[in-house]
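Residue strings, one per chain:
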Amino acid sequence: MNNKALHRISYGLYIVSSKKGDKFNGQIANTVFQATSEPPRVAVSINKGNLTHEFIQDSGVFAVSILSKDAPMTLIGHFGFKSGRDLDKFRSQNYKIGVTGVPIILDFCAGYIEAEVIKSLDIGTHTIFVGNVVDADVMSEVGPMTYAYYHQIKGGKTPKAAATYVAEEKSSAPALKPPVKALAKYECQVCGYIYDPEIGDPDGGIEPGTAFEDLPDDWSCPVCGASKEDFKKVE
Ligand code: FE
């Protein structure tokens, strides 16, 4: 079986949010789809270990903020590689409360959908929640982020808790000879993001051609926010 075929399925990139009492949480998910149109219903697949899962089960409502193509890695990292058990993810964000009482992200949001859960299906590591759409709106004319764009253009990683995570295999392709003066790449030990000096960190204002050693001391991983000390040279 060739698992790589699974990578050929296309997805978007979303922040799925919910609430429990007066607490909010949200997480990045790519597994959101419209399940039926009459009546409009959407489905999301959420890891049972995630706090958002606990919140959706408790409140029976969720919102999907559809990320736009210009969403920075810092926003994706904030919701995708950190746990709401460690911090209030919405405290630092621009959001509004929807009709379900769930927070909706306002920045870099192409549109949003709010739903009330009518069914949940236990599928092992994850639960698929199906909900009736109770509100939705278009927020921006910038096109939606696709999962392929996130990986190819933004250099994004898939967290292990994601529904579509596939352990990455070591490439068997012969390595290209690096140019003699190639600057070293560094890998974030927290999320796996690779700092490539040739690309720099455009979202963080770091020019292409900047060596890792020359990054400011307060520079942090654009995906998960880890500090420079959490990076290791890629051999
Ligand atoms: Fe990181």
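The following refers to the structure shown. Counting starts from 1 at the beginning of each chain's written sequence and moves along it residue by residue. Note on the predicted model: pLDDT of at least 70 is required for a residue's local features to be given, and 80 or more for side-chain atom pairs to be given and counted; whole-chain, interface and lining totals, by contrast, use all residues. Based on all heavy atoms of the structure, the side-chain values leave hydrogens and waters out of the count.

## Examining the overall build of the protein chain
Here is step 1 of the chain: What the protein chain contains, in helices and strands, is three helices and 12 strands.
Here is step 2 of the chain: Taken over C-alpha atoms, the radius of gyration is set against a globule rule of 2.2 Å times the number of residues to the power 0.38. Relative to the compact-globule value of 18 Å for 235 residues, the protein chain shows a C-alpha radius of gyration of 19 Å, a close match.
Here is step 3 of the chain: Expressed as lengths along the three principal axes of its C-alpha atoms, the size of the protein chain is roughly 60 × 45 × 35 Å.
Here is step 4 of the chain: The burial tally for the protein chain puts 40% of its 235 residues in the buried class.
Here is step 5 of the chain: The criterion used for residue contact is that any of the two residues' heavy atoms lie within 4.5 Å. Considering only contacts in the protein chain between residues 6 or more positions apart, those separated by 24 or more positions represent 62%.
Here is step 6 of the chain: Of the roughly 13300 Å² that the protein chain leaves accessible, carbon and sulfur atoms contribute 51%.
Here is step 7 of the chain: Placing the 24 positive and 29 negative side-chain charges of the protein chain at their respective mean positions leaves the two points 6 Å apart. Secondary structure elements are taken from DSSP: a helix is a run of H or I of four residues or more, a strand is a run of E of two residues or more, and numbering for both begins at the N terminus. Each residue's exposure class comes from its accessible area (1.4 Å probe, protein chains only) as a fraction of the maximum for that residue type: buried when under 20%, exposed when over 50%, partly exposed otherwise. Where accessible areas are quoted, they stem from the Shrake-Rupley method and a 1.4 Å probe; at the residue level, only the protein chains shown are allowed to cover. By the counting scheme adopted, Arg and Lys are positive, Glu and Asp are negative, and His together with the chain ends is not counted. Think of each charge as sitting on NZ of Lys, CZ of Arg, CG of Asp or CD of Glu.

## Brief notes about the pairing of strand E5 (residues 61-67)
Here is step 1 of the chain: Within E5, seven of the seven residues are buried, leaving the element largely enclosed by the surrounding structure.
Here is step 2 of the chain: Along E5, one buried face is formed by Val61, Ala63, Ser65 and Leu67 and the opposite face, lined by Phe62, Val64 and Ile66, is buried too.
Here is step 3 of the chain: In this description, strands pair whenever DSSP reports at least two bridges between them. Examined bridge by bridge, E5 and strand E8 (residues 109-122) share seven bridges and lie antiparallel to one another. When the sheet's bridge partners are listed, Val61 is paired in E8 with Glu116.

## Points about helix H1 (residues 51-59)
Here is step 1 of the chain: For H1, the set of buried residues is Leu51, Thr52, His53, Phe55 and Ile56.
Here is step 2 of the chain: One or two positions beyond H1, positive phi appears at Gly60, with a value near 70 degrees.

## Focus: the sheet that holds E5
Here is step 1 of the chain: Strand order in the open sheet made by the seven strands is E2-E1-E5-E8-E9-E4-E3, with antiparallel pairing throughout. The sheet is open, and its two borders are formed by strand E2 (23-29) and strand E3 (32-37), each paired with just one other strand. Geometrically, the sheet is characterised by an average inter-axis angle of 35 degrees between neighbouring strands, direction not taken into account.
Here is step 2 of the chain: Bridge count between strand E4 (residues 40-47) and strand E9 (residues 126-138): seven bridges; the pairing is antiparallel. Bridge pairing in E9 places Arg41 opposite Asn132.
Here is step 3 of the chain: Contacting strand E1 (14-20), E2, E4, E5, E8 and E9, H1 crosses the sheet at an angle of about 55 degrees to E1.
Here is step 4 of the chain: To get an axis, fit a line to the C-alpha atoms, keeping to the stretch in contact for a helix; angles then go from 0 to 180 degrees between the N-to-C directions. In the packing of helix H2 (residues 73-80) onto the sheet, contacts are made with E1, E2 and E5, and the angle to E2 comes to roughly 115 degrees.

## A closer look at the coordination of the iron ion
Here is step 1 of the chain: Here the iron ion is held by the protein donor atoms Cys188 (SG), Cys191 (SG), Cys221 (SG) and Cys224 (SG), which lie 2.2 to 2.3 Å from it.
Here is step 2 of the chain: Note that water is not among the atoms considered, so a metal site may appear incomplete; the donors listed are N, O and S atoms within 2.8 Å of the metal, with 3.2 Å applied to Na, K and Ca. Square planar and octahedral sites, with four and six donors, are those where opposite donors lie more than 155 degrees apart and all other angles lie between 65 and 115, tetrahedral sites have four donors with every angle between 85 and 135 degrees, and the rest are irregular. Around the iron ion, the four donor atoms sit at angles spanning 102 to 114 degrees, and that spread fits a shape best called tetrahedral.
Here is step 3 of the chain: Within one chain, the residues donating to the iron ion are spaced in sequence as C-x2-C-x29-C-x2-C. Residue Cys188 is located in strand E10 (residues 186-188), and its partner Cys224 is located in the loop between strand E11 (194-195) and strand E12 (231-233); the two are separated by 36 residues in the primary sequence.
Here is step 4 of the chain: Residue classification places Cys188 among the buried residues on the basis of a relative accessible area of 2%.

## Concerning the pattern of salt bridges
Where charged atoms from two side chains of opposite charge come close, those side chains can pair.
Here is step 1 of the chain: Each salt bridge in this description consists of a side-chain nitrogen of Lys or Arg and a carboxyl oxygen of Asp or Glu lying within 4 Å of one another. In the structure shown here, the tally under the stated rule is three salt bridges.
Here is step 2 of the chain: Note that Asp122 is salt-bridged to Lys48, the shortest N-O span being 2.8 Å. Of this pair, Asp122 sits in strand E8 while Lys48 sits in the loop between E4 and H1; the two residues are 74 residues apart in sequence, bridging distant segments of the chain.
Here is step 3 of the chain: You can call Asp122 exposed: its relative accessible area is 54%.
Here is step 4 of the chain: Among the ionic pairs, Asp196 bridges to Lys185, the shortest N-O distance being 3.9 Å. On the criterion of sequence distance, the pair formed by Asp196 in the loop between E11 and E12 and Lys185 in the loop between helix H3 (147-152) and E10 is long-range, its members being 11 residues apart.
Here is step 5 of the chain: Residue class for Asp196 comes out buried when judged on its relative accessible area of 16%.

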